[in-house]
Amino acid sequence: MSSCLLFLMTPRPPPPPLIHADRYPPLAGTANLPTSRRPCPRPGQRHGYLFRCDSSSSSSAPRDRPPRPRQQRQRSQRPGGRGDAVDPVGFLAKLGVTDRAFAQFLRDRHKALKDRRWELCSRFIDLKEASSGFELLGMHRHRQHRIDFMEWAPGARYCSLVGDFNEWSPTENCAREGHLGHDDFGYWFIILEDKLREGQEPDEFFFQEYNYVDDYDKGDNGVDFEEIMHRMKEEYWEPGEIRSRKSQLEMVVKLYEQMFGPNGPQTEEELGEIPDAQTRYNEWKALQKSDSSSLSPSYDIIDSGQPFDIFNVVTDRASFEKFQAKKPPLAYWVEMRKGRIAWLEKYVPTICHKDKYRIYFNTPDGALERVPAWATYVLPDAEGKQSYAVHWEPSPEEIYKWKFGRPKVKGSLRIYECHVGISGSEQSVSSFQEFTSKVLPHIKNAGYNAVQLIGVVEHKDYSSVGYKVTNYFAVSSRFGTPDDFKKLVDEAHGLGLVVLLDIVHSYASADELVGLSLFDGSNDCYFHSGKRGHHKYWGTRMFKYDDVDVLHFLLSNLNWWVTEYQIDGFQFHSLSSMLYTHNGFSTFTGAIEEYCNQYVDKDALIYLILANEMLHDLHPDIITIAEDATFYPGLCEPTTQGGLGFDYCVNLSIPEMWLWHLENVPEREWSMNKIMKVLVSSNQNMLSYVENHNQSISGRKSFTEIILNSGKFSIGSVDGDLIRASLLKIIKLITFTTSGGAYLNFMGNEFAHPKRVEFPMSSNDYSFRLANRQWELLDKGFHKHLFDFDKDVMSLDENERIISRGSPKIHHCDDTSMVISFTRGPFLFAFNFNPELSHQSYHVGVDEAGEYQLILNTDETKYGGCGELKSSQYMRRTCDKRVNGCHNSLELALPSRSAQVYKLVRILRI
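Nothing here was measured: the structure is a model prediction, and the numbers come from that model.

What counts and how
Each chain carries its own residue numbering, running from 1 in the written order of its sequence. With the structure being a predicted model, the display of local features is reserved for residues of pLDDT at least 70 and the display and counting of side-chain atom pairs for 80 or more, all residues being used for whole-chain, interface and lining totals. Only hydrogens and water are removed before side-chain values are computed, so all heavy atoms of the structure are retained for them. Two rings belonging to Phe, Tyr or Trp (six-membered ring only in the last case) form a pair when the distance between their centres is within 6.5 Å. Interplanar angles under 30 degrees mark stacking, angles over 60 mark edge-to-face geometry, and anything in between is tilted. Exposure is judged per residue with a 1.4 Å probe applied to protein chains only, and the accessible area is read against the type maximum: over 50% gives exposed, under 20% gives buried, and values in between give partly exposed. Comment: the charge-over-ring label is applied if NZ (Lys) or CZ (Arg) is within 6 Å of the ring centre and within 35 degrees of the ring normal. Of the two site types, the cavity is a set of points on a 1 Å grid over the protein atoms alone where a 1.4 Å probe fits but cannot get out, and the pocket is an open set with protein on both sides within 12 Å along at least five of seven lines, each lined by residues with an atom within 4 Å of a point. Grid points are joined across faces, edges and corners, and a volume is the space filled by probe spheres set on the points. Any residue outside Ala, Val, Leu, Ile, Met, Phe, Trp, Tyr, Cys, Pro, Asp, Glu, Lys and Arg is labelled polar, Gly included; the first ten of those are nonpolar and the last four are charged. What is meant by a nonpolar core is a set of buried Ala, Val, Leu, Ile, Met, Phe, Trp, Tyr and Cys residues, joined one to another through side-chain atoms within 4.5 Å. Counting from the N terminus, the helices are the DSSP runs of H or I reaching at least four residues and the strands are the DSSP runs of E reaching at least two. Only heavy atoms enter the contact rule, under which two residues are in contact if any of them lie within 4.5 Å. Only the contacting stretch of a helix is used when fitting its axis, a line to C-alpha atoms as for every element, and angles between N-to-C directions run 0 to 180 degrees. The crossing is said to be left-handed when, going from far helix to near helix, the turn is anticlockwise and less than a right angle, and right-handed when the turn is clockwise. Pairing between two strands is assigned when DSSP locates at least 2 bridges connecting them. Surface patches are defined over residues having more than 30% relative accessible area and no salt bridge, joining like charges when they lie within 9 Å and nonpolar side chains (Val, Leu, Ile, Met, Phe, Trp, Tyr) when within 5 Å. A 1.4 Å probe and the Shrake-Rupley method give the accessible areas. Residues count as covered only by the protein chains that appear here. Each reported salt bridge corresponds to a side-chain nitrogen of Lys or Arg within 4 Å of a carboxyl oxygen of Asp or Glu. A positive count includes Lys and Arg, and a negative count includes Asp and Glu. His and the chain ends are not counted in either. Just so you know, the charge point we use is NZ for Lys, CZ for Arg, CG for Asp and CD for Glu. The disulfide definition used here is simple: a pair of cysteine sulfur atoms within 2.5 Å.

Even after reading the chapter, I still don't get the packing of aromatic side chains, so can you show me in this structure?
Any two aromatic rings considered together are summarised by their centre-to-centre distance and by the angle between their planes. Applying the stated criterion to the full structure yields 51 aromatic pairs. Relative to Y545, the ring of F543 has its centre 6.2 Å away and its plane inclined at 55 degrees; by these criteria the two rings are tilted. Residue class for F543 comes out buried when judged on its relative accessible area of 1%. For Y545, a relative accessible area of 1% gives the class buried. Over the ring of F185 we find R123; its NZ or CZ atom is 3.6 Å from the centre of that ring. For the cation-ring pair, R141 lies above Y212, with the distance from its terminal atom to the ring centre recorded as 5.0 Å.

The following block contains the structure:
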């Protein structure tokens, strides 16, 4: 048709390195589809990377590219990195870093980033396309009564699907021979046709489509093909827009006749001298003006002898906008699409819901059966040795329907970290359903506004806490089905909780039968070969971040969890394992050269930049958190300023500092200056926590066990134990109030869970005794006091926005008296860590003169304290005594092991 011809004839500039999704409309065939995913391409269709042969793009070295036009260069200076102009070393001035070697490293990394972007662009349109592999790869139902399956395995020689649907035959459903089943990049394409029922006639048209979601569809009205074509001609196409072609040379002949007339020269001698380009253009322009009936858009290109003149297109704005406004006649074709009932009457699905299957490869080392890398649901075999993928395609009546939208975080981020498997009281693996009904209401009641889930992605080894991931696109089947997890996320959104996922892209499980290791028989499919491909201490595999197809897999995995399960953010686990070839197991002195030497993996840094750019471009409200023990410079800086683009980074030094003090330093010898140095050294965008699962897992003790000596402590013990437990409250309060806008608490620590976490493993005879949470302690004695305190602290931040008010300003920090005081906005915080000495009249400096109201006191009886302060001491007024360099001061009563929070309620002008 003429519209397709015009589209192909329209001169367009080559794609820039990474074009934003919002700058271009969706593809013509996918703009208004009623289905949730775009259709899989038919064999031979050139879409994205499928069946494209380009030897230069498969090379690891960036290909040479011509200089881009000026307008295109200006656009590339504003990528989606949350900043204006691009400056590879922009954040160094902000941090006060002047190291030349590190600055040069950042510049070299930026050049490598541009080359990686161009390499991605040579295979995909933009980052949106590069992160949407789940729309094509894996198993998907196509609208033309079939199942399309696609997998990446460059080391395989033969590929087929085996499963219940074909009695596990490795030859019945295989990829086609040649380019239609296997392309140059190692992607295999398999079509599973639905089986025609006995007595049914095949469809009249090969392009007949079906709607598998709704029972009713316009196609059930019986509209035939001739009527559709007639309506298209009458209603959609304008007069003269449809021009049939009898020959491929018809257009060439017409152009020849326009140039030389109907009796033009037949030989070069008859041709004579050809006028120059400007003359020919003027003649053609005059002809176009006289031909007012032409409906084609006006595109003019003048060859002035300069390179890339083809990009300098002169266009008539009116005709261009008219052409762009034209939409494909998709609505007419939808009327021929039949409904689900018609499909089930005519066909038997080739593979049914919950059918199990695996992928079969023939490799140079022999035959292999693997769980597909893009499988969305995986179940273990009955023997527990081999797993298989499960085709998840519930009927419209059974499919989960979302009820709530995504909540938005206002102010600070208060994260409740959970592991679904140990969230129950029973000595067994808990489920998504139990977590949804029992734990989510508790999180909301406790005052948190975010839930972070660990161990959700499918993993074979339960004792690994979920960090040895085997199947990156599947939820863990031991907790429930994909729809169970969708309900969990949806109910959390209904409670106003954002859902964060602890994602592990820093390494992967080394399991060969279930995971990605030796997936296609080769050692370097997803991972590095040799020593670099193995973690030095954990026995896991290390991703090959410089490979375009591996980037495609990882970026698509992030986008999959956000798109399919409505996840609101990610915590990137153990970045030090991927950022350094020594996997972070090296002594760091803090010298800047340690972040740019030969042990730094530049490709891993580039992947993190691309991941943050993709997530924040496609999902503006997404939250990304970096967990890096080495505090790599620029973690939370914009990517346009040389940073990695994270929203928050975890301060791993804080829990280790508290653990060191509790286990090794007598309480009377604690240094207040050292504590505050760790707490506020890098406060901006810093996520702080007292302890998470790392501090109380597998052989280690929880802080409650350490402080209370859990062997002696029991419910209803002597008051001395309760007084010692007050140390937990001030540790939590000072960690929370000094955090950089985000705070994390591990499940159970809000009520001082008395036991550590220990997953079933061989060392404990696979016991579940410590793999649960004792929720019954919430209403008992000391645990109730601690929970009430933690709940009031969260409520205080909800109402006053304490930790989102900028950095703390320290006024007093004395090692002798063990007293700390600082302000944050209109709030004053005073801590007395002394285990023995109480201060009845202690002066602390404040900047603002006025009246300060006590709004939180850890020594109150409802929190298990002694209640030494009287009600008359709850309102304090400043005096003009100069203390700690401040013109004003407050006289406070500070009991031992206590903390107080005051709010400025009235300002006095002197």
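Would you take a moment to explain empty space enclosed by the protein for this structure?
Rolled over the atoms, a probe sized like a water molecule indicates the empty space that remains. A complete count under the given rule lists eight cavities of 30 Å³ or more for this structure. The space that makes up the largest cavity amounts to roughly 100 Å³. Residue composition of the lining of the largest cavity, grouped by class: five nonpolar, five polar and three charged.

Please clarify how the nonpolar core should be interpreted in this entry.
Here is a general trend for soluble globular proteins: nonpolar side chains tend to be buried in one another's company. Of all hydrophobic cores here, the largest spans 184 residues; its most connected members are L453, Y526, W561, Y607, Y632, W658 and F833. No other element matches helix α15 (residues 548–565), which puts 11 residues into this core. Once residues lying within four places of it in the same chain are set aside, the contact partners of Y632 are F102, F105, R109, L579, Y580, Y595, V600, L605 and L644.

I tried to follow the packing of helix α4 (residues 100–121) against helix α17 (residues 602–618) on my own but got confused; where do I start?
Each pair of packed helices gets described by two things: the angle between the helix axes and the distance between those axes. At a minimum axis separation of 10 Å, α4 and α17 run at an interaxial angle of 65 degrees. Along this stretch, α4 crosses α17, giving a crossing that reads as right-handed. In this structure, α4 contributes F105, D108, R109, A112, L113, R116, R117 and L120 to the contact, and α17 contributes K602, D603, L605, I606, I609, L610 and E613.

Would you mind showing me how to read the sheet that holds strand β24 (residues 819–824) here?
Sheet strands pair by backbone hydrogen bonding; their relative direction is either parallel or antiparallel. Reading across the sheet, the six strands line up as β23-β24-β25-β30-β27-β28 and stay open at both edges, with antiparallel pairing between neighbours. Across the chains shown, the open sheet's two edge strands, defined by having one partner strand only, are β23 (809–814) and β28 (875–877). Strand-to-strand, the axes of this sheet are offset by a mean angle of 20 degrees, without reference to chain direction. Of the strands in this sheet, β23 and β24 touch helix α19 (residues 672–680), which is tilted by about 155 degrees from β23. Taken strand by strand, helix α22 (residues 781–800) contacts β25 (827–832), β27 (850–857) and β30 (898–907), and its axis lies near 140 degrees from that of β27.

What should I look at first to understand a negative patch on the surface in this one?
On the surface, E204, D224, E226 and E227 cluster together to form a negatively charged patch. Positionally, E226 belongs in helix α6 (residues 225–236).

Looking at this model, I keep getting lost on the pairing of β30. Mind explaining?
On a regular strand, each side chain points to the face opposite its neighbour's, so the side chains alternate between the two faces of the sheet. When β25 meets β30, the two strands line up antiparallel, connected through six bridges. Looking at β30, one finds that N832 is bridged to S898. The pairing of β27 with β30 spans seven bridges and is antiparallel. Note that in β30 the partner of G850 across the bridge is I907.

Explain the state of the cysteines to me, please; I cannot follow it from the model alone.
Where two cysteines share a covalent bond between their sulfur atoms, that bond is called a disulfide. Following the criterion strictly, the structure yields zero disulfides and no others. Cysteine C159 remains unbridged, with the sulfur of C174 as its closest cysteine sulfur at 8.8 Å. With a relative accessible area of 1%, C159 lands in the buried category.

Can you walk me through a nonpolar patch on the surface in this structure?
Residues L249, V252 and V253 make up a contiguous nonpolar surface patch of about 270 Å² in total accessible area. Looking at where V252 falls in the secondary structure, it is placed in helix α7 (residues 250–260).

Got a minute to help me understand the sheet that holds strand β4 (residues 187–193) in this structure?
The strand order β1-β2-β4 describes an open sheet built from three strands, whose pairing is antiparallel. Each edge of the open sheet is held by one strand with a lone partner, namely β1 (138–142) and β4. This sheet shows a mean twist of 20 degrees between the axes of neighbouring strands, independent of strand direction. Where β1 lies against strand β2 (residues 146–152), five bridges are found, and the strand directions are antiparallel. Among the inter-strand pairings, H142 is bridged to a residue of β2, identified as R146.

Help me understand unusual backbone geometry, please; the structure alone is not making it clear to me.
Most peptide bonds adopt trans geometry, and most residues besides glycine take a negative phi value. Positive phi, close to 75 degrees, is recorded for K354, a residue that is not glycine. Phi is positive for M818, which is not a glycine, with a value near 60 degrees. Its location among the elements puts M818 in the loop between β23 and β24. Its relative accessible area of 0% is what places M818 among the buried residues.

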